[in-house]
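Overview (structure and organization)
So the chains spell out like this:
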Amino acid sequence: MLVISLWGVWLELLEAIKGRRSIRAYRPNPIPSEDVERLIDCARWAPSAGNLQPWEFIAVTQESKKLELARAALGQRFIAEAPVVLVVCADTWRSASVYGLRGESLYCIQDTAAAIQNLLLTAYSMGYGTCWVGAFNEETVRPVLNIPRRLRPVAIIPIGVPGESPSPPPRRPVSQILHWDAYREV
Ligand SMILES: Cc1cc2nc3c(=O)[nH]c(=O)nc-3n(C[C@H](O)[C@H](O)[C@H](O)COP(=O)(O)O)c2cc1C
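Residues numbered from 1 in each chain as written. Predicted model: local features only at pLDDT ≥ 70, side-chain atom pairs only at ≥ 80, totals over all residues. Heavy atoms only, no water.

1. A look at the site of the ligand
Just so we agree on the cut-off: Put simply, a residue is near a molecule or strand once any heavy atom of it comes within 4 Å of that molecule or strand. N or O atoms within 3.5 Å of each other form a polar contact, as long as, within protein, one can give a hydrogen and the other can take it, and as long as residues adjacent in sequence are counted only when both atoms are side-chain atoms. The Shrake-Rupley method, run with a 1.4 Å probe, gives the accessible areas here. Residue values count only the displayed protein chains as cover. Each residue gets one of three labels, nonpolar for Ala, Val, Leu, Ile, Met, Phe, Trp, Tyr, Cys and Pro, charged for Asp, Glu, Lys and Arg, and polar for the others, Gly among them.
Around the ligand, a shell composed of 13 residues is seen, among which R21, S22, R24, Q76 and R171 lie nearest. Measuring from a nitrogen atom of the ligand, one finds a side-chain N or O atom of Q76 at 2.8 Å. Contact distances for the ligand include 2.8 Å between an oxygen atom and a side-chain N or O atom of R171. Here the ligand has 620 Å² of accessible area as a free molecule, and 63% of this is covered by the chains. The class makeup of the residues in the shell around the ligand is six nonpolar, three polar and four charged.

2. A short note on the pattern of salt bridges
Put simply, the test is: Each reported salt bridge corresponds to a side-chain nitrogen of Lys or Arg within 4 Å of a carboxyl oxygen of Asp or Glu. Put simply, DSSP marks the helices as runs of H or I at least four residues long and the strands as runs of E at least two long, and each gets a number from the N terminus on. Between buried and exposed lies partly exposed: a residue is buried under 20% and exposed over 50% of the maximum accessible area for its type, with that area taken using a 1.4 Å probe on protein chains only.
For the structure on display, the rule yields six salt bridges. The salt bridge partner of K66 is E63, with a shortest N-O separation of 3.3 Å. Of the two residues, K66 and E63 are both situated in helix α3 (residues 63-72); the distance of three residues between them amounts to about one turn of the helix. Judged by its relative accessible area of 51%, E63 falls in the exposed class. Measuring nitrogen to oxygen at the nearest pair gives 3.3 Å for the salt bridge that ties R142 to E139. Linking R142 with E139, this pair stays in helix α6 (residues 138-145), spanning three residues, or about one helical turn. Residue R142 is classed as buried on the basis of its relative accessible area of 8%. Taken together, the salt bridges that share partners define one network made up of E139, R142 and R149.

Following this line, the structure appears as structure tokens:
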């Protein structure tokens, strides 16, 4: 019984990992705040260096702010179409307080990226589409959301019921990216 149920969970996990796509068109259906809370609840279970959890999530619903975020993201207009746009930040000071430069420049970004992937997979499993947007001007985003200097905005993530169903972009083959015992150019 336990084995069957674990196998079911494994299939669901594989389906989520492989079936999630970047969605760049959304239906206007609103997202209940409890659903946003559920996404953040799952994001926070990501691993983090020293369990410092240096992530902060700003949920944006105001139309004017969403438009400013789209502009800061080089005019990627689909961002403003999503009912909720999350801006995920890494607290550089939090990680630096224990790990110095490595914490500030590497761990806090890695930790936050892991939380983002949890969030994307959870959103997919709940029927929502997301897109990890990294192309934006950090300094333009800061004043829009009152983001202090110690926080680094890492990603803008529009969330909504999908308005498109794109095919999966190709992945590099395992034989090209897996290196047993030492790195070899393929
Ligand atoms: C760090 C990072 C930055 C990205 N920035 C953007 C972006 O600015 N705009 C965009 O449309 N997609 C962006 N993406 C999404 C990628 O284009 C997408 O993940 C990739 O093409 C693979 O497609 P898939 O997510 O559907 O598997 C970004 C993804 C990552 C991880």
